[in-house]
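Results of the structural survey
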Amino acid sequence: MIAEIGHYALVLALALALIQGSVPVVGARLRDPALMGVADIAAFAQFAFVAVAFAALTVLYVSSDFSVVNVFENSHSAKPLIYKITGVWGNHEGSMLLWVLILSVFGALVAFFGSNLPATLRANVLGVQSWIAAAFYLFILATSNPFARLPQAPFEGRDLNPILQDVGLAVHPPLLYLGYVGFSISFSFAVAALIEGKIDAAWARWVRPWTLAAWMFLTLGIAMGSYWAYYELGWGGWWFWDPVENASLMPWIAGTALLHSAVVMEKRNALKVWTVLLSILAFSLSLLGTFLVRSGVLTSVHTFATDPTRGVFILAILVLFIGGSLALYAWRAPLLKQGGIFAPISREGALVFNNLLLTTALATVFVGTLYPLALESLTGEKISVGAPFFNATFGPLFVPLLLAVPFGPLLAWKRGDLLGAAQRLMVAFAAGLVAIAVTFAIIRGGPVLAPFAIGLAVYVMVGALVDLVERIQLFRQPVGISLRRARGLPRSVFGTALAHFGLGVSLLGIIGESSYNAEQILAMKPGQTVSVRDYDVTFDGVVSRQGPNYRELVAKFVVRQDGEIVGTLDPSKRSFTARGMATSEAALLTRGFSQLYISLGDPGTDGAIAVRLYHKPLVLLIWIGTLIMVLGGALSLSDRRLRVGAPKPAKKSALQPAE
Amino acid sequence: MTALRHLLVCLALFIASPALAVLPDEILNDPALEARARALSRELRCMVCQNQSIDDSDAPLARDLRLLVRERVQAGDSDSEVMDFLTARYGDFVLLNPRFNARTALLWSLPALVLLGGIVALVVFLRRQRSAQAGADGGDSAQALTAKEQKRLAELVDGQI
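In this text, all values refer to a predicted model and were calculated from it rather than measured experimentally.

With that settled, the discussion passes to the overall build of chain B. Counting its regular elements, chain B contains six helices and zero strands. Order of helices (α) and strands (β) in chain B, N terminus to C terminus: α-α-α-α-α-α. Among the 161 residues that make up chain B, the fraction classed as buried is 39%. Surface summary for chain B: the accessible area is close to 8,600 Å², and the carbon and sulfur share equals 59%.

Set out below in structure tokens:
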């Protein structure tokens, strides 16, 4: 019964989406407030029905109702409760349901917070939002029904893939989807603006918080996925330039570019046409990511060809929305009037430079990800495009971008003073040079360019703070005055500084890990000690343990530094009974920002066990930096001007003095 | 959209006999040769996995390839000879870093083309902006006229009088 309720709720949500997608849009054309008013109610109701459907599937998972195919294939009665719940989106059907749930949440939020939007814009935005929703409800109902029943309920389920039974991976998809789907709002705003043929700085002010929120979630989602890969997959890699990762990186780059161009549009009323295009691109790339991952086209072009129903459906959605919005763009964008003029050297110019390099980086990832697929489907030839390609093309683009980052906030709008900005950045240049010298002096080995990269990271970090320090006149005025000035600054200034600082922090972590990683791969016997950097790691022995739905073999290691015990490491190998699969759980010991990382291989016949031991310097900074970036985004989001809302032109008649 | 799903596929296929990427028994005694073998391994694809290098992969095939690379390195092959050997056997698919040739020319040149296109578009945009500004009366940022523009202005003014 619960499954049928869920299924029916989804059908009702589709019906509502069709109404919300048509009535308010017609209303906006006819300027009919009653018709436009349908959008709000429909958006709330849609959210309610999808929530019912999602709750139904969750109940089915928690109660282990194996008469439902989806539950049978992805759950097990002995699974811990948290993984029964997260198992809801640990599979194709459930994750698509999560996708539409988040989409409906965003729709409801626009309806809720959109009271200060012009009525026609709101009606059109919610209408466009609903077209996307309708397409995905149809997709789920037609090809990926999570509520399908089995004629005869099996006694036990097949269990969730043990690799997915992990907290990191449990929160990864919801975060990623909040990001992907969040970009649908800027997309809907862009399409609505094109339909109306009108766009202004106020539009950018409405769009920016949504984009910022989506960007924050996407950043967190990508960082979480990367950290999960790092500790779960057992060889300490955190980014693989894999198509699935690239699928999430592309909307992130487009979203980052959009955040920056929307600033120009909001402040200076310039770059309108470009900002609208980026809004369309960010969400189009989210859809492309959904297609790449959900269609099976990545596994092989041939899998896609043999079972094309789902893939072709998503491809149709992709073509419809991307093609449709770009066609609309080509038709209507010339109507948008260009605004504020600026010199090449200016804040606007710096943000345009950012957009130029980010767009090129985006194109690089795009072509690297899709080229092998295109080549194979056109000529049948198979090539691989992997990490070496991306490192060679993507890396160099980021050097000028990173050099430019601290300059941006220091340049004035309209026309800036490059030399003046460079003079103000002297501290940052000096800090970078000192970092290079210190790195050369104290660290032996590692790539020749690594110290320079560290210098660049330090320059970005210090440079990010220069604007802040100058504005509050720290070190020039008494601390009290500086603090008072700091309180008076808009939070978005802190947001920018923090986000740019976080970028430098992440870069430092990336260089530390990739350039100065130390490893030991060997077979160890109990009692044996091995050294990595200045740590001595002793293998004590193995014990077995019984987990809720697995058995594990735990190896005990003691870590010493200069003879003192600094910690223990307990990596394990788990075997999951239901699927007959095994996982290797790495153990980590954090020392400052660096980590010791150990994972197990096969036990040998003579009591020895294969061990991979790494020392990863500064590795934690990679994720700490992304958290700082997100914090910067959050600060910017809490800025007063975004809470207060966009300025509305006062009605002329009201201002006329009564004569 | 659980990122890295491909890895799951790969791991799901091979995890029944879990192993680590590079195993202790594979490592060569000569550290210089081993370092070369590791560097080469990072550029070679485990062909039954998705975009994983044989250095990272747990798959038995990756192990076979790692052993093969070490065999060739020990036999005295240069890096490019090892790559040629493997490409001859498994095709271009095995190379994670695609070679530049007619089929991959677009792949390698596209980032540069996009950058160039962007720069050209930007220059055009800024030029047009400047001329629009010159045309607009009292634009919001008054900019000094160029010598040519001043001459033209003088001509117009003279002509009027």
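Read on, since the account is not over.
Before going further, it helps to spend a moment on the sheet that holds strand β10 (residues 609-616) of chain A. Residues and elements named next belong to chain A. A sheet is described by the order of its strands in space; here four strands give the open sequence β1-β10-β9-β8, paired in antiparallel fashion. The open sheet is flanked by β1 (518-524) and β8 (587-591), the only strands paired with a single partner. Put simply, the sheet's adjacent strands are angled 15 degrees from each other on average, direction ignored. Pairing between β1 and β10: seven bridges, direction antiparallel. Across the sheet, the residue bridging to Gln 520 is Leu 613, located in β10. Helix α8 (residues 201-232) rests against β8, β9 (594-603) and β10 of the sheet, and its axis sits at about 50 degrees to β9.

Between chain A and chain B, the contact holds 73 residues from the first and 54 residues from the second. Carbon and sulfur atoms make up 68% of the area that chain A and chain B hide from each other, which totals about 5,500 Å². Looking at the side of chain A facing chain B, the largest losses of area belong to A:Trp235, A:Ile341 and A:Ser384, adding up to 12% of the total buried there. Remark: the boundary between chain A and chain B carries two salt bridges. In this structure, the salt-bridge partner of A:Glu381 is B:Arg103, at a minimum N-O distance of 2.6 Å. A per-element tally of the side of chain A that touches chain B places helix α13 (residues 347-379) of chain A first, with eleven residues.

This part takes up the pairing of strand β5 (residues 564-569) of chain A. All names here are of chain A. By the bridge criterion, five bridges tie strand β4 (residues 550-561) to β5 in an arrangement that is antiparallel. In the strand pairing of β5, Val 559 is matched with Gly 567. Count of turn residues in the β4/β5 antiparallel hairpin: two residues, of which Asp 562 carries a positive phi of about 50 degrees.

Moving on: the packing of aromatic side chains. Counting across every chain of the model gives 25 aromatic pairs over all chains. Judged by centre distance (6.5 Å) and plane angle (80 degrees), the ring pair of A:Phe136 and A:Phe139 falls under edge-to-face. Here A:Phe139 and A:Phe136 lie together in helix α6 (residues 119-143), a separation of three residues that amounts to about one turn. Across the pair, exposure class does not vary: A:Phe136 and A:Phe139 are buried alike. Ring centres 4.8 Å apart and planes at 15 degrees place the aromatic pair A:Trp241 and A:Phe390 in the stacked group. One end of the pair, A:Trp241, is in the loop between α8 and α9 (243-268); the other, A:Phe390, is in helix α14 (residues 387-404), with 149 residues separating them in the sequence. Connected via pairs of aromatic rings, a cluster forms that spans A:Trp239, A:Trp241, A:Phe389, A:Phe390, A:Phe394, A:Phe398 and B:Trp108.

Now for the pattern of salt bridges. Residues and elements named next belong to chain A. For the coordinates displayed, the defined rule picks out 25 salt bridges over all chains. One salt bridge connects Asp 570 with Lys 556, and the closest N-O pair in it is separated by 3.6 Å. Within this pair, whereas Asp 570 is found in the loop between β5 and β6 (572-576), its partner Lys 556 is found in strand β4, the two being separated by 14 residues in sequence. On the basis of relative accessible area, Asp 570 is assigned to the partly exposed category, the value being 34%. By relative accessible area, which is 30% here, Lys 556 ends up partly exposed.

This next bit is on helix α12 (residues 309-332) of chain A. At 3.6 residues per turn, the α-helix brings residues three or four places apart onto the same side. Counted at 1.5 Å a residue, the expected span for α12(A) with its 24 residues is 34 Å, and the 34 Å between its end C-alpha atoms agrees. The complete set of buried residues in α12(A) reads A:Gly311, A:Ile314, A:Ile317, A:Leu318, A:Phe321, A:Ile322, A:Ser325, A:Leu328, A:Tyr329 and A:Arg332.

Turning our eyes to something else, we now look at helix α16 (residues 426-442) of chain A. All names here are of chain A. When the terminal C-alpha atoms of α16 are compared, their 24 Å separation across 17 residues agrees well with the 24 Å that a helix rising 1.5 Å per residue should span. For α16, the full list of buried residues reads Ala 428, Gly 432, Ala 435, Ile 436 and Thr 439. Down the axis of α16, the buried set is contained in an arc of 100 degrees. They therefore lie on one face. Opposite the buried face of α16, at more than 90 degrees from it, the exposed residues are Val 427, Leu 433, Ala 441 and Ile 442. If you follow the buried residues of α16, they end up packed against α17 (450-471) and α19 (491-516).

This paragraph deals with the side chain of A:Thr538. Residues and elements named next belong to chain A. Structurally, Thr 538 can be placed in strand β3 (residues 535-546). Look at Thr 538 and you get buried, because its relative accessible area is 12%. Of note is the side chain of Thr 538, whose polar atom sits 3.0 Å from the side chain of Thr 529. Looking at Thr 538, its side chain comes within polar contact range of the side chain of Arg 560, at 3.3 Å. Every residue in contact with Thr 538, bar those within four places of it in the chain, is listed here: Gly 527, Gln 528, Thr 529, Lys 556, Phe 557, Val 558 and Arg 560.

Moving on: the confidence of the model for chain B. Residues and elements named next belong to chain B. Looking at chain B as a whole, the pLDDT averages 77, with 76% of positions reaching at least 70. Across chain B, the element-wise mean pLDDT spans from 44 in helix α1 (residues 5-14) up to 91 in helix α4 (residues 79-90). When the criterion is pLDDT under 50, residues 137-142 qualifies, and its contacts beyond four places in sequence or with other chains add up to seven contacts. Confidence metrics for the complex model read pTM 0.89 and ipTM 0.83.

This next bit is on the packing of helix α2 (residues 33-62) of chain A against helix α5 (residues 92-113) of chain A. Residues and elements named next belong to chain A. Where α2 contacts α5, the axes come no closer than 8 Å and their chain directions differ by 150 degrees. Our classification of the angle between α2 and α5 gives roughly antiparallel. Handedness of the α2/α5 crossing: left-handed. Contact residues: α2 offers Asp 40, Ala 43, Phe 44, Gln 46, Phe 47, Val 50, Ala 51, Ala 53, Phe 54 and Leu 57, while α5 offers Gly 94, Leu 97, Leu 98, Val 100, Leu 101, Ser 104, Val 105, Gly 107, Ala 108, Ala 111 and Phe 112. Classifying every residue of the contact of α2 with α5 gives 16 nonpolar, four polar and one charged.

Calculation criteria
- Residues numbered from 1 in each chain as written.
- Chains lettered and ligands numbered in written order.
- Predicted model: local features only at pLDDT ≥ 70, side-chain atom pairs only at ≥ 80, totals over all residues.
- Heavy atoms only, no water.
- Helix = DSSP H or I, 4+ residues; strand = E, 2+ residues; numbered from the N terminus.
- Buried < 20%, exposed > 50% of the residue type's maximum accessible area, 1.4 Å probe, protein only.
- Areas by Shrake-Rupley, 256 points an atom, 1.4 Å probe, with all protein chains shown as cover.
- Pairing = 2+ DSSP bridges.
- Axes fitted to C-alpha atoms, helices over the stretch in contact; angles between N-to-C directions.
- Contact = heavy atoms within 4.5 Å.
- Buried area = accessible area lost by both parts, 1.4 Å probe.
- Salt bridge = Lys/Arg side-chain N within 4 Å of Asp/Glu carboxyl O.
- Phe/Tyr/Trp six-rings, centres within 6.5 Å; stacked < 30°, edge-to-face > 60°.
- Expected span 1.5 Å × (residues − 1).
- Arc of directions from axis to C-beta.
- Polar contact = N/O pair within 3.5 Å; in protein donor to acceptor, adjacent residues only side chain to side chain.
- pLDDT = per-residue confidence, 0-100.
- Parallel < 35°, antiparallel > 145°, perpendicular 65-115°, else oblique.
- Left-handed = near helix turned anticlockwise from the far one by under 90°.
- Nonpolar A, V, L, I, M, F, W, Y, C, P; charged D, E, K, R; others polar.

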